[in-house]
Amino acid sequence: MRGDRLPLLGFVNLNKPVNFTSHDCVAKLRRLFNLKRIGHGGTLDPLATGVLPIALGRATRLLQYLRSDKSYFATVRLGICTATDDLEGEVIESQAAPELALETVKTALEGFKGQIEQIPPKYSAIQVDGKRLYDLARSGQNVDVPRRSVEIYQIEVLDWRSGEFPEVDLHIACGGGTYIRSIARDLGSAVQTGGTLAKLVRTQSSGFDLAESMTFEELSDRLEHDRFQPIPPHQAMLHLPSVRLDETLAWRWCQGQKLANLERSNSPESGDVCRVDRQDDRFLGIGEWRQVEGDWVLVPKTVTFGG
């Protein structure tokens, strides 16, 4: 069935294939759905696979409000350093490490838990002075990459394979902005062998789980047989606190009016966002709490789903 005959509003939990950039995925989905307005939540490197949240139509305005937490299955190869901190890059240093013990690796991993500082890979999409780091690296420019603070909720060993170039499989749960390639590189440094990322699968991103994801082939089949339904927008916003409005207030809010003196189920701070629902559970959009002259006011932030 043609994508332009579908109610294209919501999300797709895409299982990104290897050797596709996130931009490649968006371009392919635009052709599949015959829809220009498509965006993704959380870039994945070409060699990585797994969960890539995709927004369709007006749901693209909700990408910024998705949960930021993610989890990964990662394989780190020790004894090797590469230019890109994964196997896609040129090997810049290699030293066999057959005597490296798993206990040494486990001890080093303790330093990667909680709030940590990391330097993103030189080949990454971060901008420095308005230019992407990977563009600067490819042009041969040596740039000081700024450190960033990230949070690792959990990092544990799943498997260990000793040898000349040992490999360790890791489960990593982390906050947004974390580079797993940096963890691989820094783990190698911590055990004094060097390290690079050999494999990466994103198993969870922003509330979307790998077990429920779809490949391009599965998605195409569902479209062809009229069995595709996007994930409803409100389902991706369930992590946000909710404000429920009666019909009159919902109409006013959807017209862009600020609402004061509303009941609040929590104690917000100025700038906090919330999910706005009508009393019949219809999702209306995203609001922002602001304090104006001592009163809490709900300001329409993203009103895209009707009253």
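Rules and cut-offs
- Residues numbered from 1 in each chain as written.
- Predicted model: local features only at pLDDT ≥ 70, side-chain atom pairs only at ≥ 80, totals over all residues.
- Heavy atoms only, no water.
- Salt bridge = Lys/Arg side-chain N within 4 Å of Asp/Glu carboxyl O.
- Buried < 20%, exposed > 50% of the residue type's maximum accessible area, 1.4 Å probe, protein only.
- Pairing = 2+ DSSP bridges.
- Helix = DSSP H or I, 4+ residues; strand = E, 2+ residues; numbered from the N terminus.
- Arc of directions from axis to C-beta.
- Contact = heavy atoms within 4.5 Å.
- Axes fitted to C-alpha atoms, helices over the stretch in contact; angles between N-to-C directions.
- Parallel < 35°, antiparallel > 145°, perpendicular 65-115°, else oblique.
- Left-handed = near helix turned anticlockwise from the far one by under 90°.
- Nonpolar A, V, L, I, M, F, W, Y, C, P; charged D, E, K, R; others polar.
- Core = buried A, V, L, I, M, F, W, Y, C linked by side-chain atoms within 4.5 Å.
- Patch = residues over 30% accessible without salt bridge, like charges linked within 9 Å, V, L, I, M, F, W, Y side chains within 5 Å.
- Areas by Shrake-Rupley, 256 points an atom, 1.4 Å probe, with all protein chains shown as cover.
- Phe/Tyr/Trp six-rings, centres within 6.5 Å; stacked < 30°, edge-to-face > 60°.

Participant: Hey, could you run me through the pattern of salt bridges in this one?
Facilitator: Oppositely charged side chains can pair when the atoms bearing their charge come close. Considering all chains together, one arrives at 15 salt bridges under this definition. Here D69 ties to R67 by a salt bridge, and the two come within 2.6 Å at their closest N and O atoms. With a shortest N-O distance of 3.1 Å, R161 and E167 are connected by a salt bridge. Since its relative accessible area comes to 16%, E167 is described here as buried. Here the salt bridges do not stand alone but share partners, grouping R77, D159, R161, E167 and D169 into one network.

Participant: Would you explain the sheet that holds strand 17 (residues 283-292) in this entry?
Facilitator: One key point about sheets: their strands pair by backbone hydrogen bonds, in either a parallel or an antiparallel sense. Taken in spatial order, the five strands of this open sheet run 14-16-17-18-15, and their pairing is mixed. Whereas interior strands pair on both sides, the edge strands pair on one side only; in this sheet they are strand 14 (242-245) and strand 15 (259-260). By the bridge criterion, five bridges tie strand 16 (residues 273-278) to strand 17 in an arrangement that is antiparallel. Bridge pairing links V276 to G285 in strand 17.

Participant: Where do I start with unusual backbone geometry in this structure?
Facilitator: Note on backbone geometry: most residues besides glycine have negative phi, and most peptide bonds are trans. Here the phi dihedral of D85 falls at roughly 70°; this positive angle occurs in a residue that is not glycine. Along the chain, D85 turns up in the loop between strand 5 (80-82) and strand 6 (91-94). What makes D85 buried here is its relative accessible area of 7%. Even without being a glycine, S206 presents a positive backbone phi close to 55°. Here S206 shows up in the loop between strand 12 (195-205) and strand 13 (208-209).

Participant: When you look at helix 2 (residues 102-109) in this model, what are you seeing that I'm missing?
Facilitator: Along an α-helix, residues three or four apart share an orientation, since each turn contains 3.6 residues. For helix 2, the full list of buried residues reads V105, A108 and L109. Looking straight down helix 2, one finds that the buried residues subtend no more than 100° of arc, so they occupy a single side. Among the exposed residues of helix 2, those pointing more than 90 degrees away from its buried face are E103 and T107. Tucked into the core, helix 2 has its buried residues touching strand 4 (70-78), strand 10 (148-161), strand 11 (167-174) and helix 4 (180-190).

Participant: Would you mind going over the packing of helix 1 (residues 22-33) against helix 5 (residues 216-224) with me for this structure?
Facilitator: The description of two helices packed together rests on the angle between their axes and the distance between the axes. Relative orientation of the contacting elements helix 1 and helix 5 amounts to 15°, with a least axis distance of 11 Å. Between helix 1 and helix 5, the angle falls in the class roughly parallel. Of the two possible hands of crossing, helix 1 and helix 5 adopt the one that is right-handed. Residue-level contacts link C25, K28, L29, L32 and F33 of helix 1 to F216, L219, S220 and L223 of helix 5. Looking at the contact of helix 1 with helix 5, its residues break down into seven nonpolar, one polar and one charged.

Participant: I'm lost on the nonpolar core in this one. Help?
Facilitator: Considering soluble globular proteins, one finds that nonpolar side chains tend to be buried as a cluster. Of all hydrophobic cores here, the largest spans 28 residues; its most connected members are L78, V105, I155, L170, I172, I180 and L187. Every element with two or more residues in this core is listed here: strand 4, helix 2, strand 10, strand 11, helix 4 and strand 12. Leave out the neighbours within four places in its chain, and L170 touches Y72, F73, A74, V76, L109, I155, E156, V157, L158 and L187. Of all hydrophobic cores here, the second largest spans 17 residues; its members include V26, L56, L219 and F228.

Participant: So what exactly am I meant to see when it comes to a nonpolar patch on the surface here?
Facilitator: Among the surface-exposed residues, V18, L47 and L87 lie close enough to one another that they form a single nonpolar patch of about 210 Å² accessible area. In this structure, L47 sits in the loop between strand 2 (38-40) and strand 3 (49-56). Judged by its relative accessible area of 33%, L47 is partly exposed.

Participant: I'm lost on the packing of aromatic side chains in this one. Help?
Facilitator: Given two aromatic rings, one states the distance between the centres and the angle between the planes to describe the pair. Under the criterion given, the structure shown has three aromatic pairs. Where F20 meets F216, the ring centres are 5.6 Å apart and the plane angle is 40°; that geometry is what we call tilted. With F20 in the loop between strand 1 (10-16) and helix 1 and F216 in helix 5, this pair connects stretches of sequence that are 196 residues apart. When its relative accessible area of 25% is taken as the criterion, F20 is described as partly exposed.

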